[in-house]
Amino acid sequence: MYSKIVILNFPSKVAQKALVCQLTKKFDLLFNILSARISNKKEGYMVLEISSGSKPAFNKGVKFLKDQGVSVSSPEHQIYKDEEICTHCGACTAVCPTDALYIKRPEMEVIFDKQKCSVCELCVLTCPTRAMGLFSEVSQKVA
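As a starting point, this report considers the structure included with it. The shown structure was predicted, so the numbers you read here are calculated from the model rather than taken from an experiment. (Residues numbered from 1 in each chain as written. Predicted model: local features only at pLDDT ≥ 70, side-chain atom pairs only at ≥ 80, totals over all residues. Heavy atoms only, no water.)

So, on to helix α2 (residues 55-67). Spanning 13 residues, α2 covers 18 Å between terminal C-alpha atoms, matching the ideal 18 Å at 1.5 Å per step. For α2, the full list of buried residues reads Phe58, Gly61, Val62, Phe64 and Leu65. End-on, the buried residues of α2 take up no more than an arc of 155°, which puts them together on one face. Along α2, the residues that are exposed and aim more than 90 degrees away from the buried face are Pro56, Lys60, Lys63 and Asp67. Looking at the buried residues of α2, the elements they touch are β1 (2-10), α1 (19-27), β3 (44-52) and β4 (71-73). (Helix = DSSP H or I, 4+ residues; strand = E, 2+ residues; numbered from the N terminus. Expected span 1.5 Å × (residues − 1). Buried < 20%, exposed > 50% of the residue type's maximum accessible area, 1.4 Å probe, protein only. Arc of directions from axis to C-beta. Contact = heavy atoms within 4.5 Å.)

Written out as structure tokens, the structure reads:
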């Protein structure tokens, strides 16, 4: 099974179309919506995990989206947790859509599982101590 996280940016002219559903119907792809913000007749974005039986099938689905005017990209950054300034308040765990951030009990310690992270950046916005940050692949802080 081939699986990849992608970011879709929808221009206003296609935001009202059910394009993502077509991935299943026309291309036999599975999708998991990790984060989304789209409103009818306005621009929007989605972070999806798309899975298929093969990479060529995945590529056909991505080509379909691009042909419809959707911008498709891969996450270029990763989320990082700064253990030195994290107070383990748990605010990030409340907004994490993939359970990449969770509280280990009984220690009450916030744990970050990078493998589950969808790079939605909600934890970065929520963290009161700024322990959650956005870094490029070479671990240089960008935000």
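With that settled, the discussion passes to the packing of aromatic side chains. Enumeration according to the criterion identifies two aromatic pairs in this entry. Both rings, one in Tyr2 and one in Phe58, keep their centres 5.1 Å apart while their planes meet at 65°; by these two values the pair is edge-to-face. Placement of the pair is Tyr2 in strand β1 and Phe58 in helix α2, with a sequence separation of 56 residues. Exposure remark for Tyr2: the relative accessible area of 22% places this residue in the partly exposed category. Centroid distance Phe27 to Phe64: 5.4 Å. Interplanar angle 45°. Geometry classified as tilted. Placement of Phe27 in helix α1 and of Phe64 in helix α2 is noted, with a sequence separation of 37 residues between them. The exposure class of Phe64 is buried, given its relative accessible area of 11%. (Phe/Tyr/Trp six-rings, centres within 6.5 Å; stacked < 30°, edge-to-face > 60°.)

Right, let's talk about the nonpolar core for a bit. A general trend in soluble globular proteins is that nonpolar side chains are found buried together. Core analysis: the biggest nonpolar cluster contains 18 residues, and Leu8, Phe10, Leu65 and Val70 have the highest contact counts within it. For this core, the elements supplying multiple residues, two or more each, are β1, α1, β3 and α2. (Core = buried A, V, L, I, M, F, W, Y, C linked by side-chain atoms within 4.5 Å.)

What follows covers the sheet that holds strand β2 (residues 30-37). Taking strand neighbours across the sheet as the criterion, the four strands line up as β2-β3-β1-β4 in an open arrangement whose pairing is antiparallel. Each edge of the open sheet is held by one strand with a lone partner, namely β2 and β4. Each strand of the sheet is rotated relative to its neighbour by a mean of 25°, with strand direction disregarded. Where β1 and β3 come together, nine bridges link them in antiparallel fashion. Looking across to β3, one finds that Tyr2 is bridged to Ser52. Together, β1, β3 and β4 form the strand contacts of α2, whose direction differs from that of β1 by roughly 5°. (Pairing = 2+ DSSP bridges. Axes fitted to C-alpha atoms, helices over the stretch in contact; angles between N-to-C directions.)

Moving on, we come to α1. Among the residues of α1, those classed as buried are Leu19, Val20 and Leu23. With its buried residues spanning 115° around the axis, α1 presents them on a single face. Phi turns positive, to about 55°, at Asp28, one or two residues after α1.

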